[in-house]
2 protein chains.
Amino acid sequence: MEAAFTRHRPVVDDALRGLLVAPGSTPVLHEAMGWMLFGGGKRVRPVICLTAFEAVGGADLQRVLPAACAVELVHTYSLVHDDLPAMDDDTERRGRPTVHVKWDEATAILAGDALLTEAFRLAGDVRAYPDDTDPRAILRVVEALGAAAGRHGMVAGQAIDMGIEDRADTEEDLLHLHARKTGELFRFSTLAGAVLGGAGDDACAAMGEYGDLVGLAFQVADDVLDLHEDRDAGGRDAAETPSLPALIGEAASRRTAAALADAAVAALARFGPAADPLRALARYAVERDH
Amino acid sequence: MEAAFTRHRPVVDDALRGLLVAPGSTPVLHEAMGWMLFGGGKRVRPVICLTAFEAVGGADLQRVLPAACAVELVHTYSLVHDDLPAMDDDTERRGRPTVHVKWDEATAILAGDALLTEAFRLAGDVRAYPDDTDPRAILRVVEALGAAAGRHGMVAGQAIDMGIEDRADTEEDLLHLHARKTGELFRFSTLAGAVLGGAGDDACAAMGEYGDLVGLAFQVADDVLDLHEDRDAGGRDAAETPSLPALIGEAASRRTAAALADAAVAALARFGPAADPLRALARYAVERDH
């Protein structure tokens, strides 16, 4: 999987850098959009999108890059809005001030809105894809991105996490929450890679299933890692949604993460060695120590 | 034009009501999304979208309704976010509390995000259009909506209006601001109607030009009407972006609005009597007293 990151991440970074040139009459807005977008993200979602594309036999990365960049734009908007004082009220991310601290709340709200809008504009722009790309495949990607990011997807997860909806306080509720907040964009990433790589319906469904499960595995493993960091820092805020380790214990959480990674690998059964980087990613998700 | 509203508005309302059923695990988020969406909006943008569709010879309204509903969703999200305390800080709209007053800021941010995301999901959903709709026409609509609403369109207008960018303080600057904040979604509405109605490139461009101009005419006429309301209420806040009447006077502003309406009608020269409702709308925009 390291190889996939080494190979794909610069391709994604270049494509993203090419997007926000020509700021026109809104240079401050564009600077604020770029602040978080180029603030050190690992590009996990676009990299697994490109890797899934290659795993189903896709060759020309330009055919999948608009979708890969779009999911990173959506992920980035969600960070900018989640950091707002009315949401998680975070003042720092990756060692730098968050957008509303560096500028102000209005700028952070608008920069997030602009990142989200640009994601769909880009994903739907036929000129961004090779000429022979099937327009129905592009539309499938646009609709899937809207479903993954929206009122039944990522935004739903954030609404549950913020306590706007019934609080998640069982293992099942928490996995439902994580599936929305994290799993949906991972599912989109691998699904879009498969769709644009020309895979059939069953292969696309299997790839989406893998994405969902590996996203959940990442999230549960993160919660276990956070538990140790939080212990060092004095524990998490009792008013927040409980973490899975807080609810079922660390050992059981590690077993859940491992089971999710196993299920993710099992979802790839139909794919050959081209899917090995995705299998490695699933194992990495639960074995890393940072 | 009254006839177009009487005929089209219930069609749009029904289609919008059908969208937010099945709230799943986020009933509060869905209620907040519906609060502003069903809070008494006039549906100007979707109605001119349907009217433009018919003006170019479109017949089956189902072919244009997803785009018409999408632009209303985008307009509604912009109202929810613009009302936030960090933006215009409005506590009431159309006689009811705004979303962040009725619920809280986090709910308003997420409801706006979900409305914007749903707009693109719907616009890109092939299943929402008749089977024989050209997928390239749908993609053109998605991309145009992203361009109209985003970093060079409506969000840019709001960023300028909020003072995030250089303040607009000449007639040219103000018209540039209004073109972004209001004109872009009107341009999208008429362009999408023409594209989905099967019009050729020149007719689509002319219809978009009409939308841009009629949107500007509406905005300048609104500013003249607001001037009287503001005078009654004690004048507008000096820290805000100046209105065109404050800058060049009421009489000159009325002349500008009339010239914009004339130019909008002129843009329709190539269309026959089917475009008469749009001509009437341009005159109505600058002659109304409310």
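Conventions used here
Residues numbered from 1 in each chain as written. Chains lettered and ligands numbered in written order. Predicted model: local features only at pLDDT ≥ 70, side-chain atom pairs only at ≥ 80, totals over all residues. Helix = DSSP H or I, 4+ residues; strand = E, 2+ residues; numbered from the N terminus. Rg over C-alpha atoms; globule rule 2.2 N^0.38 Å. Buried ≥ 20, exposed ≤ 12 C-beta atoms within 10 Å, placed from the backbone. Contact = placed C-beta atoms within 7 Å. pLDDT = per-residue confidence, 0-100. Least-squares fit on C-alpha atoms with pLDDT ≥ 70 in both. Core = buried A, V, L, I, M, F, W, Y, C linked by C-beta atoms within 7 Å. Expected span 1.5 Å × (residues − 1). Bend = angle between axes of the 7 residues up to and from the residue. Axes fitted to C-alpha atoms, helices over the stretch in contact; angles between N-to-C directions. Parallel < 35°, antiparallel > 145°, perpendicular 65-115°, else oblique. Left-handed = near helix turned anticlockwise from the far one by under 90°. Nonpolar A, V, L, I, M, F, W, Y, C, P; charged D, E, K, R; others polar.

(A) Representation of the overall build of chain A. Summing up its helical and strand segments, chain A has 13 helices and 2 strands in all. Whereas a compact globule of 290 residues would reach a radius of gyration of roughly 19 Å, chain A reaches 18 Å, a difference of no more than 12%. Counting all 290 residues of chain A, 56% fall into the buried class. When contacts within chain A are restricted to residue pairs at least 6 apart in sequence, those whose partners lie at least 24 apart make up 71%.

(B) How the structure looks around the confidence of the model for chain A. Residues and elements named next belong to chain A. Per-residue confidence for chain A averages 94 on the pLDDT scale, and 96% of its residues sit at or above 70. Here residues 232–236 scores under 50 on pLDDT; set against residues more than four positions off or in separate chains, the count is 3 contacts. Predicted complex, confidence summary: ipTM 0.96, pTM 0.96.

(C) Main features of the interface of chain A and chain B. On the side of chain B, 47 residues touch chain A, which itself brings 47 residues to the contact. Elements represented by at least two residues in the side of chain A that touches chain B include exactly helix 2 (27–37), helix 6 (105–123), helix 7 (135–149) and helix 8 (154–161) of chain A. Broken down by element, the side of chain A that touches chain B gets its largest block of residues, 12 residues, from helix 6 of chain A.

(D) Local environment of the relation of the copies chain A and chain B. Laying chain A over chain B is done by rotating through 180° and shifting 0.0 Å along the axis; what remains is an RMSD of 0.0 Å. Accordingly, the operation relating the two chain copies is best matched by a two-fold axis. Residues of chain A ranked by C-alpha distance from the rotation axis are headed by Pro135(A), positioned 3.0 Å from it. Counting the interface residues of chain A, we find that 100% of their copies in chain B are interface residues as well, pointing to one common contact surface.

(E) Seen up close, unusual backbone geometry. Residues and elements named next belong to chain A. At Ala22, a residue that is not glycine, the phi angle is positive and equals roughly 60°. Locating Ala22 in the fold gives a position in the loop between helix 1 (2–19) and helix 2. According to the C-beta neighbour criterion, Ala22 is exposed, with 8 such atoms within 10 Å.

(F) Focus on the nonpolar core. Ranked by size, the top nonpolar core spans 202 residues in total, and within it Leu145(A), Ala217(A), Leu145(B) and Ala217(B) carry the most contacts. Sequence-distant contacts of Ala217(A), defined by excluding residues within four places in its chain, comprise Ala257(A), Leu260(A), Ala261(A), Ala264(A), Ala282(A), Ala285(A) and Val286(A).

(G) Representation of helix 12 (residues 250–267) of chain A. Given a rise of 1.5 Å per residue, 18 residues ought to cover 26 Å, and the 26 Å separating the end C-alpha atoms of helix 12 of chain A matches this to within 8%. Considered for burial, the residues of helix 12 of chain A that qualify are Ser253(A), Thr256(A), Ala257(A), Leu260(A), Ala261(A), Ala264(A), Val265(A) and Ala267(A).

(H) Broad picture of helix 9 (residues 171–196) of chain A. Given a rise of 1.5 Å per residue, 26 residues ought to cover 38 Å, and the 35 Å separating the end C-alpha atoms of helix 9 of chain A matches this to within 8%. Its maximal kink placed at Gly183(A), helix 9 of chain A deviates by approximately 50°.

(I) Focus on the environment of Leu37(A). Residues and elements named next belong to chain A. Along the chain, Leu37 falls in helix 2. Distance in space between the C-alpha atoms of Leu37 and Asp289 is 25 Å, their sequence separation being 252 residues. Setting aside residues no more than four positions away along its own chain, Leu37 makes contact with Leu16 and Thr76.

(J) Examining the packing of helix 3 (residues 44–55) of chain A against helix 9 of chain A more closely. All names here are of chain A. Following both chains from N to C, one finds helix 3 and helix 9 inclined at 30°, their axes separated by 7 Å at the closest point. In terms of orientation, helix 3 lies roughly parallel with respect to helix 9. The hand of the helix 3/helix 9 crossing is right-handed. For the pair helix 3 and helix 9, contact is made by Arg45, Ile48, Cys49, Leu50, Ala52 and Phe53 and by Leu185, Phe186, Ser189, Thr190, Ala192, Gly193, Ala194 and Leu196, respectively. Across the contact of helix 3 with helix 9, the residue classes tally to 10 nonpolar, 3 polar and 1 charged.

(K) Representation of the packing of helix 6 of chain A against helix 7 of chain A. All names here are of chain A. In contact at an axis separation of 9 Å, helix 6 and helix 7 are set at 160° when each is read in the N-to-C sense. Considering their axes alone, helix 6 and helix 7 lie roughly antiparallel with respect to each other. Contact with helix 6, carried on its side by Ala119, Phe120 and Ala123, involves Val141, Val142 and Leu145 of helix 7 and no other residues of that element. Counted by class, the contact of helix 6 with helix 7 contains 6 nonpolar, no polar and no charged residues.

(L) Inspection of the environment of Thr170(B) at higher detail. By the secondary structure assignment, Thr170(B) is in the loop between helix 8 (154–161) and helix 9 (171–196). What makes Thr170(B) exposed here is the crowd of 11 C-beta atoms within 10 Å.

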